[in-house]
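So the chains spell out like this:
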Amino acid sequence: HLLRPDYRLNYHLMAEFGWMNDPNGFIHYKGQYHLFYQHYPYEPVWGPMHWGHAVSRDLMKWDYLPVALAPDGVFDRDGCFSGSAIEQDGKLVLMYTGHVVTGPDKDQDYKQSQGIAVSEDGVTFEKWEGNPVIGYDAVPDTVSRKDFRDPKVFRHGDQYYAVLGSNDAKGNGLVLLYCSKDLRSWTYVNVLAKSDGRFGDNWECPDLLPLGGRDVFMLSPQRMPAQGEAYRNLHSTMYGIGDFDPVAGTFTAERYAPVDHGFDFYAPQSTVDDKGRRIIIGWMDMWESEMPTQQGHHWAGAMSLPREAVLDGSRLLFRPLAETEKYRSNLFEQPVTVLTGEQTLETGGDSYELQAVFEFEAGKTEEFGLKLRVGRGEETVLTYRPNDGLFRFNRDRSGIGPGGERRVHLGLDEGRLELRIFVDKSSVEVFIGDGEYVLTGRIYPGSDSLGIQAFAEGTCSLVSFRKWDICM
Ligand code: FRU
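The rules behind the values
Residues numbered from 1 in each chain as written. Predicted model: local features only at pLDDT ≥ 70, side-chain atom pairs only at ≥ 80, totals over all residues. Heavy atoms only, no water. Helix = DSSP H or I, 4+ residues; strand = E, 2+ residues; numbered from the N terminus. Buried < 20%, exposed > 50% of the residue type's maximum accessible area, 1.4 Å probe, protein only. Polar contact = N/O pair within 3.5 Å; in protein donor to acceptor, adjacent residues only side chain to side chain. Contact = heavy atoms within 4.5 Å. Salt bridge = Lys/Arg side-chain N within 4 Å of Asp/Glu carboxyl O. UniProt positions renumbered as here; feature names shortened; annotations may be inferred. Pairing = 2+ DSSP bridges. Axes fitted to C-alpha atoms, helices over the stretch in contact; angles between N-to-C directions. Near = heavy atom within 4 Å. Areas by Shrake-Rupley, 256 points an atom, 1.4 Å probe, with all protein chains shown as cover. Nonpolar A, V, L, I, M, F, W, Y, C, P; charged D, E, K, R; others polar. Phe/Tyr/Trp six-rings, centres within 6.5 Å; stacked < 30°, edge-to-face > 60°. Lys NZ or Arg CZ within 6 Å of the ring centre and 35° of its normal.

Peer 1: Hey, could you run me through the side chain of Asp-58 in this one?
Peer 2: Considering the arrangement of structural elements, one finds Asp-58 in the loop between strand E3 (50-56) and strand E4 (63-69). A residue is classified by how much of its surface remains accessible, and Asp-58, at 6% relative accessible area, is buried. Of note is the side chain of Asp-58, whose polar atom sits 3.0 Å from the backbone nitrogen of Lys-61. If near-sequence neighbours (up to four positions away) are discounted, Asp-58 is found in contact with Tyr-33, Glu-323, Lys-326 and Tyr-327.

Peer 1: Can you walk me through the pattern of salt bridges in this structure?
Peer 2: Where charged atoms from two side chains of opposite charge approach closely, those side chains can pair. This structure, assessed with the given rule, holds 41 salt bridges. A salt bridge links Lys-371 to Glu-342; the nearest nitrogen and oxygen atoms lie 2.9 Å apart. With Lys-371 in strand E26 (residues 365-375) and Glu-342 in strand E24 (residues 342-348), this residue pair connects regions lying 29 residues apart in the sequence. Two residues, Asp-469 and Lys-467, come together in a salt bridge whose shortest N-O distance is 2.9 Å. Across the pair, exposure class does not vary: Asp-469 and Lys-467 are buried alike. Connected through salt bridges with shared partners, the residues Glu-229, Asp-388, Arg-392, Glu-405 and Arg-407 form a single ionic network.

Peer 1: Is there a simple way to think about the UniProt feature "domain: Glycosyl hydrolase family 32 C-terminal" (unreviewed entry) in the chain in this case?
Peer 2: UniProt feature "domain: Glycosyl hydrolase family 32 C-terminal" (unreviewed entry): in the numbering of this structure it lies at residues 339-468. For residues 339-468, helix accounts for 0% and strand for 66%, while the C-alpha atoms at its two ends are 22 Å apart.

Peer 1: So what exactly am I meant to see when it comes to the sheet that holds strand E10 (residues 159-167) here?
Peer 2: On the basis of which strands lie adjacent, the open sheet formed by four strands has the order E9-E10-E11-E12 and antiparallel pairing. Edge positions in the sheet fall to strand E9 (149-156) and strand E12 (186-194), since each of these pairs with one other strand and no more. Ignoring strand direction, the axes of neighbouring strands in this sheet form an average angle of 25°. By the bridge criterion, six bridges tie E9 to E10 in an arrangement that is antiparallel. Across the sheet, residue His-156 finds its bridge partner in E10, namely Gln-159.

Peer 1: Is there a simple way to explain the site of the ligand in this structure?
Peer 2: Around the ligand, the structure places Asn-21, Asp-22, Gln-38, Trp-46, Met-49, Phe-81, Ser-82, Arg-149, Asp-150, Glu-204, Tyr-266 and Trp-287. Within the backbone of Ser-82, one N or O atom sits 3.1 Å away from an oxygen atom of the ligand. Side-chain polar atom of Trp-287 to an oxygen atom of the ligand: 2.9 Å apart, as the coordinates give it. About the coverage of the ligand: the protein hides 96% of its 320 Å² of free accessible area. Its residues assigned to classes, the shell around the ligand comprises five nonpolar, three polar and four charged.

Peer 1: For this particular structure, what's the right way to read the UniProt feature "domain: Glycosyl hydrolase family 32 N-terminal" (unreviewed entry) in the chain?
Peer 2: Sequence positions flagged by UniProt for "domain: Glycosyl hydrolase family 32 N-terminal" (unreviewed entry) are, in local numbering, residues 12-320. In the segment residues 12-320, helix accounts for 0% and strand for 53%; the C-alpha atoms at its two ends are 13 Å apart.

Peer 1: Could you clarify how one ought to interpret the packing of aromatic side chains in this entry?
Peer 2: Aromatic rings in a pair are described by how distant their centres are and how their planes are angled relative to each other. The final tally for this structure, using the stated rule, is 26 aromatic pairs. Look at Tyr-161 and Phe-244: their rings are 5.9 Å apart centre to centre, the planes differ by 90°, and that puts the pair in the edge-to-face class. Taken together, the residues span a long stretch of sequence, with Tyr-161 in strand E10 and Phe-244 in strand E15 (residues 238-245) at a distance of 83 residues. Phe-244 gets classed as buried once you look at its relative accessible area, which sits at 10%. The cationic tip of Arg-184 hangs over the ring face of Trp-128; the distance from NZ or CZ to the ring centre is 5.6 Å.

So, in structure tokens, the structure goes:
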């Protein structure tokens, strides 16, 4: 009789049963947040894609609704792939990709087009009889005949627009722009943006959003070459801040940066809620990551915490939502502590938020940080080294899942480091500073690896440490 640790997350959305990947159709509609997701409801593996559906009033507690879309149409018989949602005349409209396998090799032989489905009540969806609304021939000659997917629809001026991911069939990802007056009849506008060879060979899940008077373009490039410490995952997420010209159909960015610097964050999608917040949520896994819950558990894949994106000059800050604070309990506070080695804190757990502030001086501090989910030789290590300015998230000894290290360059040689960390059963999300950087990763420790340690080589002080359990 095997005692299996419970890796099921407490305050992150997972499928009730089966597989989950990308967030889809994220929208605040008639007083509730709706989140759909790429879903295979029968097994914890990727299969013919359905759209799972959940609703929430605070983005923390979710209720499951029936599967919204199933692959049962002529143009979507092998999958209802990723897409988005928009409200039109009080109705909830989903725009998604129909996937059809066309030959013996399902990974090579396929075609994709776009359809819509409409709901009057936000629960039951009817696919439009005129689907597809953007057909197989609606792509320019210079663009892939196969990869044409993940419509993100938005309103701008008196028109609807949709951005779609594709590639030029020569190894460069690109995004196409379409416009429409009614969501049913669509016109091709332009190639909105294209890789110059450095940013991946196929672009997935694009999003184009206004923020703080600028425009933000967010996307998920496949097979993205690493650039220094950035983009260390095979498939990555990035954003650029710039200006969208809807008439020319162009977007020009000053610079691009990763959305998340950790192991597991992909295909993010954004929405604006009734409070005017621009909220981003991502798939908290990664195509190339081994997922241990596929064996012996009934589910695989999860959503990240939703994060508010805020424009700060030429970059975005990503911050946890205030709603997370509603579920705090059992505050633990550590008095100011001078660290000269390793110290086990008198607290622990597997479902909590912690806030830590370190102060360190040049020449006196080699490295310092925190160890989480410590027990029986297991630990997940967060380290900062002033010498090289790198913050590290190491999961080599985290448990049974994949190992590895992800780093982000902070470049501070003295001063303060503020961390806000969310741990949930099999996940860690680290927010640095005011949300300048986020690192997200799945870990699979034993259920009794609950310890928390603070450490320093040389010396530094832990000037503030607060931890709350998160109870749903
Ligand atoms: C991104 C993605 C999308 C596609 C979906 C299929 O993770 O590959 O491009 O629509 O997953 O599940």
